[in-house]
Each structure stands twice: as C-alpha cells, then as structure tokens.
Amino acid sequence: MKRIVLMGVIILMVVATVYLWLSNSGFSEGEGPYLGIIALILVFAVFLLIRRIKSWKVGEPQEDELSKKVMVRTAALSYYVSLYLWVFLLYMQDRVTFDKDRLIGIGILGMAIIFALSWVFHHFRGVPND
C-alpha cells in the first residue's frame with residue numbers, strides 16, 4: 001500500500017510541476033514534443049498505478065518473482081540502450097547546435113521512454129527461464 005501511495009504522490013507532483021511550468025511560462029514553440037513525451041510517461045505511470053491498485057484489491061502480492069525478474073531485465077536492457085542514446089546525442093551535439101539544457105532534457109526523457117518500451121517488451125514477451 002505504501003508504494004501505491006508513493007506512486008500516486010509522484011504522479012501528482014509531476015502533474016503539478018507541468019501545470020506550474022505551463023502557467024508561468026506559457027506554451028511556446030518547440031515545447032509540444034516535450035509535453036507529448038511527458039504525457040506519454042504519465043499515462044504509463046497511471047497504467048502501472050491502476051494495475052497495482054487492482055492487484056492490491058484482489059489480495060495479490062505487488063511484487064512476485066516474475067515481476068521482479070521482468071524489472072531486472074527491463075533495467076538491464078534500458079541501461080544498455082540508454083548508453084547508446086547518450087553516445088548518439090553526444091555525436092549529434094558536435095554536428096548540430098544544441099543547448100546543454102535541451103540536450104540533457106532530451107537524454108533524460110529518452111531514457112524514460114526507453115525504460116517504458118523495454119518494460120512493455122518484457123512484460124508482454126515474457127522472461128526466458130535461465
């Protein structure tokens with residue numbers, strides 16, 4: 001139950017931060033993709049929160065052996081792919097003019113998307129028995 005509450009609080013903090021960002025600075029050009037990516041990450045987080053709430057109501061354990069194994073595989077795959085993402089971004093920085101802040105933001109959001117996609121991949125494909 002503690003993890004469900006913590007997850008809900010984090011989602012609310014992200015929504016509040018995005019709201020404050022948009023209300024103070026307004027919506028300028030070039031921020032559409034960032035908002036789309038943030039919305040995609042929030043949808044993924046809400047999906048996970050709903051799954052945890054459903055399993056808590058049924059009385060299932062929130063983390064069993066399979067979910068732990070899926071998370072370990074997901075973390076390993078997303079780590080390796082994220083390393084290549086950062087190498088690619090550093091390569092592109094030499095070719096195209098980027099702000100350092102924008103480069104770091106793209107890298108962090110890219111890492112989150114890579115993690116979500118690798119989780120979806122391992123969740124639906126399954127984890128091989130080693």
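Bear in mind the structure is a predicted one, so any value in this text is a computation, not a measurement.

Quick notes on the packing of helix α1 (residues 2-25) against helix α2 (residues 32-58)
Relative orientation of the contacting elements α1 and α2 amounts to 160°, with a least axis distance of 10 Å. On the basis of the axis angle, α1 is roughly antiparallel to α2. The handedness of the crossing between α1 and α2 is left-handed. From α1, Arg3, Ile4, Met7, Gly8, Ile11, Val14, Val15, Val18, Trp21 and Leu22 reach across to α2, where they touch Leu35, Ile38, Leu42, Ala45, Val46, Leu48, Leu49, Arg52, Ile53 and Trp56. Classifying every residue of the contact of α1 with α2 gives 17 nonpolar, 1 polar and 2 charged.

Notes on helix α4 (residues 100-125)
The end-to-end C-alpha distance of α4 is 37 Å, a good match for the 38 Å that 26 residues give at a rise of 1.5 Å each. Those residues of α4 that sit buried are Leu103, Gly107, Leu109, Gly110, Ile114, Ala116, Ser118, Trp119 and His122. Looking at the buried side of α4, the elements it contacts are α2 and α3 (65-95). One or two steps after α4, the chain reaches Gly126, where phi turns positive at roughly 95°.

Some words on the side chain of Ser118
Topologically, Ser118 is positioned in helix α4. At a separation of 2.9 Å, a polar atom in the side chain of Ser118 contacts the main-chain carbonyl oxygen of Phe115.

Describing the layout of surface pockets
Of the volumes computed, that of the largest pocket is approximately 660 Å³. Taken together, 26 residues line the largest pocket, and the ones lying closest to its centre are Leu48, Arg51, Arg52, Ser67 and Trp119. Among the secondary structure elements, those contributing two or more residues to the lining of the largest pocket are α1, α2, α3 and α4. Top contributing element to the lining of the largest pocket by residue count: α2, with 7 residues.

Here's the deal with the nonpolar core
Within the largest apolar cluster, 17 residues are counted, with the highest numbers of intra-cluster contacts made by Ile11, Ile38, Phe44, Leu48, Leu49 and Trp119. At the level of elements, α1, α2 and α4 are the ones that each hand at least two residues to this core. Looking at this core, the element that brings in the most residues is α2, giving 8 residues.

Let's talk about the confidence of the model for the protein
Reading fine detail from the predicted coordinates is not recommended where pLDDT is low. Scored by pLDDT, the protein has a mean of 85; 99% of the residues are at 70 or more. No element of the protein has a lower mean pLDDT than α2, which averages 84, and none a higher one than α3, which averages 90.

What counts as what
- The written sequence of each chain sets the order in which its residues are numbered from 1.
- Totals for whole chains, interfaces and linings use all residues, but because this is a predicted model, local features are given only for residues with pLDDT of at least 70 and pairs of side-chain atoms are given and counted only at 80 or more.
- In computing side-chain values, all of the structure's heavy atoms are included and hydrogens and water are not.
- The axes are straight lines fitted to the C-alpha atoms, using for helices just the contacting stretch, and the angles between their N-to-C directions are given from 0 to 180°.
- Only DSSP runs of H or I covering at least 4 residues are called helices, and only runs of E covering at least 2 are called strands; the numbering of each starts at the N terminus.
- Roughly parallel covers angles under 35 degrees, roughly antiparallel covers those over 145, roughly perpendicular covers 65 to 115, and oblique covers all other angles.
- We call a crossing left-handed when the near helix sits turned anticlockwise from the far one by less than a right angle, and right-handed when that turn is clockwise.
- Here, residues are in contact when the closest pair of their heavy atoms is within 4.5 Å.
- Under the scheme applied here, ten amino acids are nonpolar (Ala, Val, Leu, Ile, Met, Phe, Trp, Tyr, Cys and Pro), four are charged (Asp, Glu, Lys and Arg), and all others, including Gly, are polar.
- To estimate how far a helix should extend, the number of its residues minus one is multiplied by 1.5 Å.
- The cut-offs for exposure are 20% and 50% of the maximum accessible area for each residue type, with area from a 1.4 Å probe on protein chains only; residues under the lower value are buried, those over the upper are exposed, and the others partly exposed.
- Here a polar contact is taken to be a pair of N or O atoms separated by no more than 3.5 Å, where protein atoms must pair a possible hydrogen donor with a possible acceptor and residues adjacent in sequence count only if both atoms sit in side chains.
- Each cavity reported here is a set of points on a 1 Å grid over the protein atoms alone in which a 1.4 Å probe fits but cannot get out, each pocket an open set with protein on both sides within 12 Å along at least five of seven lines, and each lining residue one with an atom within 4 Å of a point.
- Grid points are joined across faces, edges and corners, and a volume is the space filled by probe spheres set on the points.
- Residues belong to a common nonpolar core when they are buried Ala, Val, Leu, Ile, Met, Phe, Trp, Tyr or Cys residues joined through side-chain atoms within 4.5 Å.
- Known as pLDDT, the predictor's confidence for each residue is given on a scale from 0 to 100.

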